[in-house]
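Examination of the molecular architecture
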Amino acid sequence: MNNKIQERFNALLSHKVDEAATPPALTETLARQLLDRLARLRLFAHAYPLLTNLTHGRVKPADLLDFAYRHELQGLSLHLLDGEENSLSQMTPAQLQAFADKAKSLALDVHLEISSTRKQDVDQVIAIAKALGTRNIRVYSRYEGALSRVMDVIESDLHYLAQQADAHDLFFDFEQHEELKSAEIAQLLNRLDHPRLHALFDFGNMINACEQPLQALRTLGPHIRQVHLKGVRIVPEHNGFGHYGVLQGCDEDDLPNARMLFELLMLGDSTPQVIAFILEQENHYVAPAFRQTNEAADPFIAYREMSETALPAGYSLERMLADEHRWANNQVAYVRGLLAEFRTLAELTLAHGTQA
């Protein structure tokens, strides 16, 4: 093993990591596996980085397909409601068919998202998924009440999702979305133990549930099938933590991006477990703390609205509309840079071993 290569690998995987664990040794075996995973990694665009543009009609869902194609991504994940009157939820059958045809012509996969597990919302997304020919749907719950009651309601919803997944050849991935802890989501998925129900791991949402990023990743790890990538500044609040969206990889970003990306890449034995790494830049998004360090054994879970980013102080609408495009491009470049560094280190390891 080349010490300089290992030192460079250690520095990459230790950046912003708040734990004492040493990164793994970059052996030839690990280097080959890493190169294989990088070759099979699937990067997706997301609607959220251009949400203001979508909300004000400057960008339409079909334009997001162009963004994904232009950046040589493998797909697009978008919320049913993104784009207001232009959203998938408002499209006619002919418009949905045109959207599906465009995605197919650009060789892009489409994944759908809703912010609910309620039957009426699930039925709506299933109808649109069938119209588009997509099989992958992100969900999360937004219930209020004691945690024990919320968990019971979600479990009931998940039984319905499992039935519909079997009936329509679909997969549902439950996102940890600020109010539930990773262990609670894993508990629900373990109870259902259904091959079509899994998890979507968001890079920052565990902060609001009073969890640490790597701990949350490892707890939810066996279930993770999709990933939202973004940058987050951690904001202490009372007895918990909120987060503020920042450009992924910037100095303000408190997340151990390289370490999380590496560990997610390596999930799965013979094949990659994560089927989509989704670029969800959320610059200026504000999310308050939901869980507390001193909460009761059965804490009250407050209702939350769907995510949105308000116009930041001092910003004009026109500047926000323009900057969203820059920020979305910025994230593609940052993530591609991380992936390139992983590839370089793996290739150097194999070259050094061959020479030896």
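Check the entry above for the structure.
In this report, the structure presented in the accompanying data block is examined. All figures in this text were calculated on a predicted structure; none of them were measured in a lab.

Conventions adopted
Residues numbered from 1 in each chain as written. Predicted model: local features only at pLDDT ≥ 70, side-chain atom pairs only at ≥ 80, totals over all residues. Heavy atoms only, no water. Axes fitted to C-alpha atoms, helices over the stretch in contact; angles between N-to-C directions. Helix = DSSP H or I, 4+ residues; strand = E, 2+ residues; numbered from the N terminus. Parallel < 35°, antiparallel > 145°, perpendicular 65-115°, else oblique. Contact = heavy atoms within 4.5 Å. Nonpolar A, V, L, I, M, F, W, Y, C, P; charged D, E, K, R; others polar. Buried < 20%, exposed > 50% of the residue type's maximum accessible area, 1.4 Å probe, protein only. Expected span 1.5 Å × (residues − 1). 1 Å grid on protein atoms, 1.4 Å probe; cavity = no way out; pocket = protein on both sides within 12 Å on 5 of 7 lines; lining within 4 Å. Points joined across faces, edges and corners; volume = space filled by probe spheres on them. Pairing = 2+ DSSP bridges. Core = buried A, V, L, I, M, F, W, Y, C linked by side-chain atoms within 4.5 Å.

**So, the packing of helix 4 (residues 61–70) against helix 5 (residues 93–105)**
- One can describe the packing of helix 4 onto helix 5 by two numbers: an axis separation of 10 Å at closest approach and a directional angle of 5 degrees. As judged from the angle between their axes, helix 4 and helix 5 are roughly parallel. Residues Pro 61, Ala 62, Leu 65 and Asp 66 of helix 4 form the contact with helix 5, whose participating residues are Phe 99, Lys 102 and Ala 103.
- When grouped by side-chain class, the residues that make up the contact of helix 4 with helix 5 number 5 nonpolar, no polar and 2 charged.

**Concerning helix 8 (residues 182–192)**
- Every buried residue belonging to helix 8 is among Ser 182, Glu 184, Ile 185, Ala 186, Leu 188, Leu 189 and Leu 192, and all of these are buried.
- Buried residues belonging to helix 8 abut helix 7 (147–168), strand 6 (171–175), strand 7 (197–202) and helix 9 (213–220).
- Positive backbone phi, approximately 45 degrees, marks Asp 193, located one or two places after helix 8.

**Details of helix 7**
- In this model, helix 7 (22 residues) spans 31 Å end to end at C-alpha, consistent with the 32 Å of a helix rising 1.5 Å per residue.
- Inspection of helix 7 places Leu 147, Val 150, Met 151, Ile 154, Glu 155, Asp 157, Leu 158, Tyr 160, Leu 161, Ala 162, Gln 164 and Ala 165 among the buried residues, and these make up the whole buried set.
- Asp 169 occupies a position one or two residues after helix 7 and carries a positive phi of about 55 degrees.

**So, empty space enclosed by the protein**
- Applying the stated criterion across every chain, the model contains 3 cavities of 30 Å³ or more.
- Put simply, the largest cavity is a space of about 80 Å³.
- In terms of residue count, helix 11 (residues 317–355) provides more of the lining of the largest cavity than any other element does, 4 residues in total.
- Looking at the lining of the largest cavity residue by residue, the class counts come to 6 nonpolar, 3 polar and 2 charged.
- Approximately 60 Å³ is the volume attributed to the second largest cavity.
- Along its surface, the second largest cavity is lined by Ala 45, His 46, Pro 49, Leu 50, Phe 67, Leu 279, Ala 328, Gln 331 and Val 332.
- Among the secondary structure elements, those contributing two or more residues to the lining of the second largest cavity are strand 1 (43–46) and helix 11.
- In terms of residue count, helix 11 provides more of the lining of the second largest cavity than any other element does, 3 residues in total.
- Considered class by class, the residues forming the lining of the second largest cavity number 7 nonpolar, 2 polar and no charged.

**Quick notes on the sheet that holds strand 6**
- If you trace the 8 strands once around the closed barrel, you get 1-2-3-4-6-7-8-11, paired in parallel fashion. Sheet twist, expressed as the mean angle between neighbouring strand axes with direction ignored, is 30 degrees.
- As judged from the 4 bridges shared by strand 6 and strand 7, these two strands associate in the parallel manner. The residue bridging Glu 175 from the neighbouring strand is Leu 200, located in strand 7.
- Most of the contacts of helix 8 go to strand 7, to which it runs at about 165 degrees, and overall it touches strand 6 and strand 7.

**Remarks on the sheet that holds strand 9 (residues 231–237)**
- Spatial strand order, 9-10-12: 3 strands in an open sheet with antiparallel pairing. With one partner strand each, in any of the chains shown, strand 9 and strand 12 (286–287) form the two edges of the open sheet.
- Sheet topology note: the strand 10 (residues 240–246)/strand 12 ladder contains 2 bridges and is antiparallel. By the bridge assignment for strand 12, Tyr 244 is matched with Val 286.

**Examining unusual backbone geometry**
- Of note, the phi angle at Ala 107 is positive, near 60 degrees, even though the residue is not glycine.
- The exposed category is assigned to Ala 107, whose relative accessible area is 63%.
- For His 284, which is not glycine, the phi torsion reads 80 degrees and is therefore positive.
- Residue position: His 284 is located in the loop between strand 11 (276–279) and strand 12.
- The exposure class of His 284 is buried, given its relative accessible area of 17%.

**Description of the nonpolar core**
- Core analysis: the largest hydrophobic core is formed by 99 residues, its most contacted members being Leu 88, Leu 112, Phe 172, Phe 201, Leu 264, Phe 277 and Phe 342.
- In contact with Phe 277, not counting residues within four places along its chain, are Leu 41, Arg 42, Leu 43, Phe 44, Val 227, Leu 229, Leu 261, Leu 264 and Leu 265.

**Structural notes on the layout of surface pockets**
- Space inside the largest pocket adds up to approximately 560 Å³.
- Forming the walls of the largest pocket are 36 residues, and the residues nearest its centre are Tyr 48, Leu 51, Asp 82, Ser 307 and Glu 308.
- Secondary structure elements with two or more residues in the lining of the largest pocket: helix 3 (51–55) and helix 11.
- Take the lining of the largest pocket: its biggest share by element is 3 residues, from helix 3.
- Taken as a whole, the second largest pocket holds about 220 Å³ of empty space.
- Listing elements by their share of the lining of the second largest pocket, those giving two or more residues are helix 5 and strand 3 (109–113).
- In terms of residue count, helix 5 provides more of the lining of the second largest pocket than any other element does, 4 residues in total.
- Of the residues in the lining of the second largest pocket, the class split is 7 nonpolar, 4 polar and 3 charged.

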